[in-house]
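Listed here are the chains, written in short residue letters.
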Amino acid sequence: MGDIAKDINSKFASNKVKALLNIIYTANWISSIQNEFFKPYGISPQQFNILRILRGAGEPLKVQTIKERMIERAPNATRLMDKLCDKRYINRLPCPEDRRVVHIEITKQGLQLLTDIDASFKNNLLDNLTEEEAGKLSDLLDKIR
């Protein structure tokens, strides 16, 4: 089991400082693992999130709706979607009623990519926690926000 004090060879002024740094440290650790996992698929974790949102919606969504639903509110969401479009994982659909609005739909290739990812995705980062501990952790993180 990890110990941030040992991992970064540091002492902390208080448990709140330690907790804050531990959250940042752990978030970066998870991000690093995710980046490595998605690399062979040629997408980023943020692009994966966009594809999951579209699959879950079951219908084309406005770009703004996708941005609102993203886990990581990336200011570059449009660029991320450009790349997904170039790879033919999504399509842009103009709105006939309002030229300023664009809807995004996931393609068959995008759905297949998610199926491939689902087959190898392991949700084991929290294996050291019980269900009860995971619930408490989630509640505490919600409380911070």
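Quick notes on the rules
- Residues numbered from 1 in each chain as written.
- Predicted model: local features only at pLDDT ≥ 70, side-chain atom pairs only at ≥ 80, totals over all residues.
- Heavy atoms only, no water.
- Phe/Tyr/Trp six-rings, centres within 6.5 Å; stacked < 30°, edge-to-face > 60°.
- 1 Å grid on protein atoms, 1.4 Å probe; cavity = no way out; pocket = protein on both sides within 12 Å on 5 of 7 lines; lining within 4 Å.
- Points joined across faces, edges and corners; volume = space filled by probe spheres on them.
- Helix = DSSP H or I, 4+ residues; strand = E, 2+ residues; numbered from the N terminus.
- Nonpolar A, V, L, I, M, F, W, Y, C, P; charged D, E, K, R; others polar.
- Axes fitted to C-alpha atoms, helices over the stretch in contact; angles between N-to-C directions.
- Parallel < 35°, antiparallel > 145°, perpendicular 65-115°, else oblique.
- Contact = heavy atoms within 4.5 Å.
- Core = buried A, V, L, I, M, F, W, Y, C linked by side-chain atoms within 4.5 Å.
- Buried < 20%, exposed > 50% of the residue type's maximum accessible area, 1.4 Å probe, protein only.
- Salt bridge = Lys/Arg side-chain N within 4 Å of Asp/Glu carboxyl O.

**Re the packing of aromatic side chains**
And step 1. The full count for this structure, using the stated rule, is five aromatic pairs.
And step 2. Taking 5.0 Å as the distance between ring centres and 85° as the angle between the ring planes, the aromatic pair formed by Phe 37 and Phe 38 counts as edge-to-face.
And step 3. Taking the centre distance of 5.7 Å and the plane angle of 45° together, the rings of Phe 37 and Tyr 41 count as tilted.
And step 4. Here the aromatic residues Phe 37, Phe 38, Tyr 41, Phe 48 and Phe 121 are joined through ring pairs into a cluster of three or more.

**Details of the layout of surface pockets**
And step 1. Here the largest pocket defines a volume of roughly 2300 Å³.
And step 2. As for the largest pocket, its lining consists of 48 residues, and the residues nearest its centre are Thr 26, Ala 27, Trp 29, Ile 30 and Leu 126.
And step 3. For the lining of the largest pocket, the secondary structure elements donating two or more residues are helix 1 (4-7), helix 2 (15-38), helix 3 (45-57), helix 6 (108-120) and helix 7 (131-144).
And step 4. A total of 16 residues in the lining of the largest pocket trace back to one element, the largest contributor, which is helix 2.
And step 5. Its residues assigned to classes, the lining of the largest pocket comprises 23 nonpolar, 13 polar and 12 charged.

**A look at the packing of helix 3 against helix 6**
And step 1. It is the contact of helix 3 with helix 6, at a shortest axis distance of 10 Å, that shows an interaxial angle of 110°. Considering the angle they form, helix 3 stands roughly perpendicular to helix 6. In contact with Phe 48, Leu 51, Arg 52 and Arg 55 of helix 3, helix 6 contributes Leu 111, Leu 113, Leu 114, Ile 117 and Asp 118.

**Quick notes on the nonpolar core**
And step 1. Core analysis: the largest hydrophobic core is formed by 23 residues, its most contacted members being Ile 43, Ile 50, Leu 51, Leu 54, Ile 66, Met 70 and Met 81.
And step 2. Taken together, the elements giving at least two residues each to this core come down to helix 3, helix 4 (63-69), helix 5 (77-86), strand 3 (102-106) and helix 6.
And step 3. Here this core takes five residues from helix 3, the largest share from any one element.
And step 4. Other than its neighbours up to four places away in sequence, Ile 43 contacts Phe 38, Phe 48, Leu 51, Leu 84, Lys 87, Tyr 89, Leu 113 and Ile 117.

**Description of the packing of helix 3 against helix 5**
And step 1. Direction vectors running N to C along helix 3 and helix 5 enclose 80°, while the axes themselves pass 10 Å from each other. As summarised for this structure, helix 3 and helix 5 are arranged roughly perpendicular, according to the angle between their axes. Of the residues in helix 5, those touching helix 3 at Gln 46, Gln 47, Ile 50 and Leu 51 are Ala 77, Leu 80, Met 81, Lys 83 and Leu 84.
And step 2. Among the residues forming the contact of helix 3 with helix 5, the class breakdown is six nonpolar, two polar and one charged.

**Re the pattern of salt bridges**
And step 1. Evaluation of the coordinates by the stated rule reveals six salt bridges.
And step 2. Put simply, Lys 39 and Glu 36 hold a salt bridge, and the shortest N to O gap is 3.0 Å.
And step 3. With relative accessibility at 52%, the residue Lys 39 sits in the exposed group.
And step 4. Note on Glu 36: relative accessible area 48%, which makes it partly exposed.
And step 5. With a shortest N-O distance of 2.3 Å, Arg 92 and Asp 82 are connected by a salt bridge.

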